[in-house]
Amino acid sequence: MNMITEEQKLAVESFRRFLDTELRPVVKQYRDQHIPKEKMREITQGIAEFGLPGASVPVEHGGMGLGYVMEAMLFEELCAVSCDVALCVMINKGTANFLAELPQKHLRDKYLPGILAGRLFGGACISEPDVGSNVADLKTSAREDGDHFIINGEKTWISNGHYADFLTVTARTGPNELTHFMVDRKEHGFESRNIDKIAMNGQSTAQVFFTDCRVPASCIVWERGAGLKNTMKMFEKARANVGMLSVGLMRAALEASIAYAKERKQFGKFIAAHQLIAAKIAEMATLTDAARLMCMRAFSMMDAGVRCDVQSSMSKWFATEMAVKVCRDAVQLHGGNGLTKEFDVERLAREAIVIPIPDGTTEIQKLMISRALTGISAFV
């Protein structure tokens, strides 16, 4: 990975100042509370001015053309301030990249400018109540009706689901055929309901319901039957980004722990001077750096145009699991104060528990890595 340039450093520092002055007060206000759509739109429009979600989108499509590594550097800054807002922006980032690559110009022109400006919210509708990692077993149906399709089904665990102005919906168009559709909330109609979780309730994770949703065939994404292939391609980028979410959590936990260890005194000295505390901080810092480097390797490969399914899965499972450890250690380091809501580490620990689940659990990542290395599937 190339060393950071002076221009990149200035861009990151400028974004960091914006986040400290503009976003941190909002995050504090909405701690463990759902951020209303209009407030989230105000936030995402401000963030869009610094290059998210369009840093890696080519200039010809309205993005900044800075590449995935630079985008990841900006994204880490956001993740370290708010995992809730970062997840919302991450989904819009994935949507922006997806739209930029579409052969359907009318869909790209309709939605991409709004996503890049932070005005619109998109999302990917894949998981269902009975279907998680086994995408090929999806039940949501799209029945052909003249030049339209009628979509029926229920999706769950959809990030941005309740915010979404439009969704990329994976539906069954035949016994062995999955197809993506671009479904507009106002034009085609769908209902959504937020899911209450252990943490990260500031953003939207929702159930989405399609009842006789009539969508024109012109809203098919890529081509009919390409749903499974394109879903797997989407996961490659998503998993490295989830890894960066975890890096942000780890960094926040580490920074909070360092500050606390330099202020808290026990037995006549700052706790940073106690060997077990010093060792814990060193371990937390090393794991954070290791996770960051694994994610950046995947992003570097994306910039080089090289597939990185294995590296992305490695970065996702390692970063998310290490975030659980690092954030748990931060609570331990804070002692009784780590259990109170006065300190952020208890929230970070709850958020860290959530992150190993989405975009394929740790167990699924390990199975995919092993299958790629041995050529033998252990899924069944």
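The residue count restarts for each chain, going from 1 along the sequence in the order it is written. Given that the model is predicted, a residue must reach a pLDDT of at least 70 before its local features are reported, and side-chain atom pairs must reach 80 or more before they are shown or counted; all residues, however, enter totals for whole chains, interfaces and linings. Each side-chain value is derived from all of the structure's non-hydrogen atoms; neither hydrogens nor water enter the calculation.

A. Fine view of the overall build of the chain. Runs of E in the DSSP output that reach at least two residues are strands. Runs of H or I that reach at least four are helices, and both are numbered from the N terminus. Of the regular secondary structure elements, the chain holds 10 helices and 10 strands. Over its C-alpha atoms the chain spans a radius of gyration of 21 Å, differing by no more than 12% from the 21 Å that the globule rule assigns to 380 residues. Taken along its principal axes, the extent of the C-alpha atoms in the chain is 80 × 45 × 40 Å. Exposure categories follow from relative accessible area, calculated using a 1.4 Å probe and restricted to protein chains: below 20% of the type maximum is buried, above 50% is exposed, and the middle band is partly exposed. Expressed as a percentage of its 380 residues, the buried residues of the chain come to 54%. We call two residues in contact whenever any of their non-hydrogen atoms come within 4.5 Å of each other. A fraction of 73% describes how many contacts in the chain between residues 6 or more apart in sequence connect residues 24 or more apart. Residue exposure ignores everything except the shown protein chains as possible cover, and the areas themselves are Shrake-Rupley values with a 1.4 Å probe. If you sum the accessible surface of the chain, you get close to 17,000 Å²; carbon and sulfur atoms cover 55% of it. All tallies of charge rest on Lys and Arg as positive and Asp and Glu as negative; His and the ends of each chain are not included. Just so you know, the charge point we use is NZ for Lys, CZ for Arg, CG for Asp and CD for Glu. Across the chain, the mean location of the 45 positive side-chain charges is 3 Å away from that of the 46 negative side-chain charges. Each radius of gyration reported is based on C-alpha atoms, and the globular scaling rule is 2.2 Å times the count of residues to the power 0.38.

B. A look at the pattern of salt bridges. Between Lys or Arg on one side and Asp or Glu on the other, a salt bridge is scored when a side-chain nitrogen of the former is within 4 Å of a carboxyl oxygen of the latter. Enumeration according to the criterion identifies 31 salt bridges in this entry. Close ionic contact of Glu38 with Arg41 constitutes a salt bridge, the shortest N to O distance being 2.8 Å. Of this pair, Glu38 and Arg41 both sit in helix α2 (residues 37-48), three residues apart, which is roughly one turn of that helix. Of the charged contacts in the structure, one is a salt bridge between Arg307 and Glu236, with a shortest N-O distance of 3.2 Å. Of this pair, Arg307 sits in the loop between α7 (275-303) and α8 (309-334) while Glu236 sits in helix α6 (residues 227-261), and the two are 71 residues apart along the sequence. By relative accessible area, Glu236 is classed as buried at 7%.

C. Inspection of the side chain of Ser192 at higher detail. As for its position among the elements, Ser192 is in strand β6 (residues 191-194). A distance of 2.7 Å separates polar atoms of two side chains, one belonging to Ser192 and the other to His162. Each polar contact in these results corresponds to two N or O atoms within 3.5 Å; when the atoms are within protein, one needs to be able to donate a hydrogen and the other to accept it, and residues that are neighboring in sequence are counted only if both atoms are side-chain atoms. Here the side chain of Ser192 touches Arg185 through a polar contact of 3.2 Å, side chain to side chain. Non-local contacts of Ser192, meaning those with residues more than four positions away in its chain, are made with Gly161, His162, Arg185, Gln207 and Val208.

D. Spotlight on the nonpolar core. By size, the foremost hydrophobic cluster in this structure holds 76 residues, and its most contacted members are Ile47, Leu78, Val85, Leu245 and Phe299. Broken down by secondary-structure element, the contributors of at least two residues to this core are α1 (6-29), α2, α3 (68-81), α4 (83-100), α6, α7, α8 and α9 (345-354). For this core, the leading source of residues is α6, giving 12 residues. With near-sequence residues (within four places) excluded, Phe299 lies in contact with Tyr68, Val69, Ala72, Ala240, Asn241 and Met244. Among the buried residues, those of types Ala, Val, Leu, Ile, Met, Phe, Trp, Tyr and Cys that are joined through side-chain atoms within 4.5 Å form a nonpolar core. Formed by 18 residues, the second largest nonpolar core is a distinct cluster that contains Ile151, Ile158, Phe181 and Ile220.

E. Quick look at unusual backbone geometry. The omega angle of the peptide bond from Leu52 to Pro53 is 20°, so this bond is cis rather than trans. Structurally, the position occupied by Pro53 is in the loop between α2 and α3. In this structure, Asn160 takes a positive phi of about 70° despite not being glycine. Topologically, Asn160 is positioned in the loop between β3 (148-159) and β4 (166-174). Asn160 sits in the buried class, given a relative accessible area of 0%.

F. Representation of the packing of aromatic side chains in the model. Two rings from Phe, Tyr or Trp (for Trp, the six-membered ring) form a pair when their centres sit within 6.5 Å of each other. Planes less than 30 degrees apart are called stacked, planes more than 60 degrees apart edge-to-face, and all others tilted. Counted under the stated rule, the structure contains nine aromatic pairs. Where Phe15 meets Phe18, the ring centres are 6.3 Å apart and the plane angle is 10°; that geometry is what we call stacked. Note that Phe15 and Phe18 are positioned in helix α1 at a spacing of three residues, about one turn of the helix. Relative to Phe166, the ring of Tyr111 has its centre 4.0 Å away and its plane inclined at 25°; by these criteria the two rings are stacked. Within this pair, whereas Tyr111 is found in helix α5 (residues 105-116), its partner Phe166 is found in strand β4, the two being separated by 55 residues in sequence. Just as Tyr111 is buried, Phe166 falls in that class too. Aromatic ring contacts, followed pair by pair, group Phe15, Phe18 and Phe50 into a single cluster. Criterion for a charge above a ring: Lys NZ or Arg CZ within 6 Å of the ring centre, and within 35 degrees of the ring normal. The ring of Phe270 carries the charged tip of Lys265 above its face, separated from the ring centre by 4.9 Å. Directly above the aromatic system of Trp317 lies the positively charged group of Lys366, at a separation of 4.6 Å from the ring centroid.

G. Here's a closer look at the pairing of strand β7 (residues 205-216). Each pair of strands is called paired provided DSSP finds at least two bridges between the two strands. Relative to β7, β3 runs antiparallel, the two sharing nine bridges. Directly across from Ile151, in β7, lies its bridge partner Cys213. Two strands pair when backbone bridges link them, and β6 and β7 are joined in this way by four bridges, in the antiparallel orientation. When the sheet's bridge partners are listed, Ser192 is paired in β7 with Val208.

H. Just the packing of α8 against helix α10 (residues 362-374), in detail. To define axes, lines are fitted to C-alpha atoms, for helices over the stretch in contact only, and angles between the resulting N-to-C directions are given on a 0 to 180 degree scale. As a packed pair, α8 and α10 sit with axes 9 Å apart at the nearest point and diverge in direction by 150°. Taken together, α8 and α10 sit at an angle that is classed as roughly antiparallel. Viewed along their axes, α8 and α10 form a crossing whose handedness is left-handed. Of the residues in α10, those in contact with Val310, Ser313, Met314, Lys316, Trp317, Thr320 and Glu321 of α8 are Thr362, Gln365, Lys366, Met368, Ile369 and Ala372. Taken together, the residues of the contact of α8 with α10 break down into six nonpolar, four polar and three charged. Any angle between 65 and 115 degrees counts as roughly perpendicular, while under 35 counts as roughly parallel, over 145 as roughly antiparallel, and the rest as oblique. Left-handed describes a crossing whose near helix is turned anticlockwise from the far helix through less than a right angle; right-handed describes the clockwise counterpart. The classification used treats Ala, Val, Leu, Ile, Met, Phe, Trp, Tyr, Cys and Pro as nonpolar, Asp, Glu, Lys and Arg as charged, and all other residues, Gly among them, as polar.

I. Looking closely at α1. Over its 24 residues, α1 extends 34 Å from the first C-alpha to the last, a length consistent with the 34 Å expected when each residue adds 1.5 Å. The reported bend at a residue is simply the angle between two axes, fitted to the 7 residues ending at it and to the 7 residues beginning with it. Largest kink in α1: about 40°, centred on Leu23, with the proline Pro25 one to four residues after it. For α1, the complete set of buried residues consists of Val12, Phe15, Phe18, Leu19, Leu23, Val26 and Val27. Expected span of a helix: the number of residues minus one, times 1.5 Å.

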